[in-house]
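# Residue-level structural notes
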Amino acid sequence: MRRTVFNEDHEAFRETIRAFIEAEVVPVYDEWFAAGQAPREFYHKLGELGIFGINVPEEFGGAGMDSHKFEAVLYEETARAGVQFGGSGVHVLLALPYINMLATDEQKKRFLPKFVTGEEMWAIAMTEPGTGSDLAGMKSTAKLSEDGTHYVLNGAKTFITGGVHADKVIVCARTAAPTAEDRRHGISLFAVDTKSEGYSVGRKLDKLGLRTSDTAELAFVDVKVPVEDLLGEENKGFHYLGHNLASERWGIAFGAYAQAKAAVRFAKQYVQDRTVFGKPVAHFQNTKFELAACQAEVDAAEAVADRATEALDAGELTPAEAASAKLFCTEVAHRVIDRCLQLHGGYGYMNEYPIARLYADNRVNRIYGGTSEVMKMIIAKNMGL
């Protein structure tokens, strides 16, 4: 089946990214893995390459593209090489849409030029200890000062990817109490400078997978946030969060598909090189049948991921469609990567092999951005059930 989602510009971008990964990432990736994060200076290299500016308007230093297809190429190429770009995915996939959608022209002039170069890295802080996916249950507060010049932010966040290196964080906090009719009311979004007094980074969390992305706990004690750094309108934060969920879930879906495709590549190469009982592992019928079944699943996931990409770029990807794509692609990746690891035998359990790291990295796809169970609820509701 011939893919039609990418054009010559995307393929030229792919060649550039593949060469960059081979030269700048693969030789040092084991060091990043051992350290539990990519070095901060690496993000400057991504900025120089233009990665951060693809979807940033030209007047602020970006390329002015309105497409997620270059991002899709990034997912495929990092998965193909068995590497991650640290916590930079949050910078582009999660933080940028809120800046583009909510920031005033004055805010964009302040934020975006440094965003593009990697001089300022962004993260987003939604999840709190004890609330998980229940964002309406957040306890962090931002109270307007008596003179109306700033908000006073207090609270804590957890599971914040990019939280260690971040220079700016979009923080979700309550500016008003929930109402009896709508417990989601009263949440606002703020662009918080991590150098602010009272802002602190807690533990860098020790994760099962995604070892090179810095994930942290954050705390806010009487942090003063200028009123000029409110994003969008006060008390409408939950609506804004829901608006960008489709693109976030698309990113997880496409990334999962790319991981499954890479797993088949790793397994195919391994079984052709590995010899048992005097024959390559690829010679045995079970190996052929397992990889054939995996390839069929990857083909299906690719079709779903590509269709979701086209819908997202056209502004037509609905919440239910995004949930369906995420559910399908992440479940396919789970099955395929597990079967491909099995074909590696004992070596598949060793972190020196990319399939082992891929196995650990993939597991969170069925949790963050909404669990598989939540995706089923969204799909079922859309079905009228």
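Conventions we followed
- Residues numbered from 1 in each chain as written.
- Predicted model: local features only at pLDDT ≥ 70, side-chain atom pairs only at ≥ 80, totals over all residues.
- Heavy atoms only, no water.
- Domains from an automatic or database assignment.
- Buried area = accessible area lost by both parts, 1.4 Å probe.
- Salt bridge = Lys/Arg side-chain N within 4 Å of Asp/Glu carboxyl O.
- Polar contact = N/O pair within 3.5 Å; in protein donor to acceptor, adjacent residues only side chain to side chain.
- Helix = DSSP H or I, 4+ residues; strand = E, 2+ residues; numbered from the N terminus.
- Nonpolar A, V, L, I, M, F, W, Y, C, P; charged D, E, K, R; others polar.
- 1 Å grid on protein atoms, 1.4 Å probe; cavity = no way out; pocket = protein on both sides within 12 Å on 5 of 7 lines; lining within 4 Å.
- Points joined across faces, edges and corners; volume = space filled by probe spheres on them.

## Here we look at the domain arrangement of the protein
What the domain assignment lists for the protein is domain 1 (8-120), domain 2 (123-234) and domain 3 (239-383). One C-alpha centre belongs to domain 1, the other to domain 2, and the line joining them spans 23 Å. In this assembly, domain 1 packs against domain 2 so that about 2000 Å² is buried in total across both faces, 62% of it on carbon and sulfur atoms. Here domain 1 is connected to domain 2 by three salt bridges. One salt bridge connects Asp229 with Arg110, and the closest N-O pair in it is separated by 2.9 Å. On inspection of domain 1 and its partner domain 2, the count reaches 10 residue pairs in polar contact (both at pLDDT 80 or more). For the side of domain 1 that touches domain 2, the element with the highest residue contribution is helix H5 (residues 88-102), accounting for five residues. Taken together, the residues that form the side of domain 1 that touches domain 2 break down as 14 nonpolar, six polar and four charged.

## Some words on empty space enclosed by the protein
In this approach the atoms are scanned with a rolling probe the size of a water molecule, which exposes any empty space left behind. Tallied over the full model, the rule gives two cavities of 30 Å³ or more. Quantified by volume, the largest cavity comes out at close to 40 Å³. If you trace the largest cavity, you find it lined by Tyr43, Gly87, Met121, Trp122, Gly162, His165, Ala166 and Asp214. The class makeup of the residues in the lining of the largest cavity is four nonpolar, three polar and one charged. Looking at the second largest cavity, its volume works out to about 30 Å³.

## Some details on the environment of Asn7
Locating Asn7 in the fold gives a position in the segment before helix H1 (8-25). Residues Asn7 and Lys69, spaced 62 residues apart in sequence, show a C-alpha to C-alpha distance of 9.5 Å. In this structure the side chain of Asn7 is engaged in a polar contact, spanning 2.9 Å, whose partner is the backbone nitrogen of Asp9.

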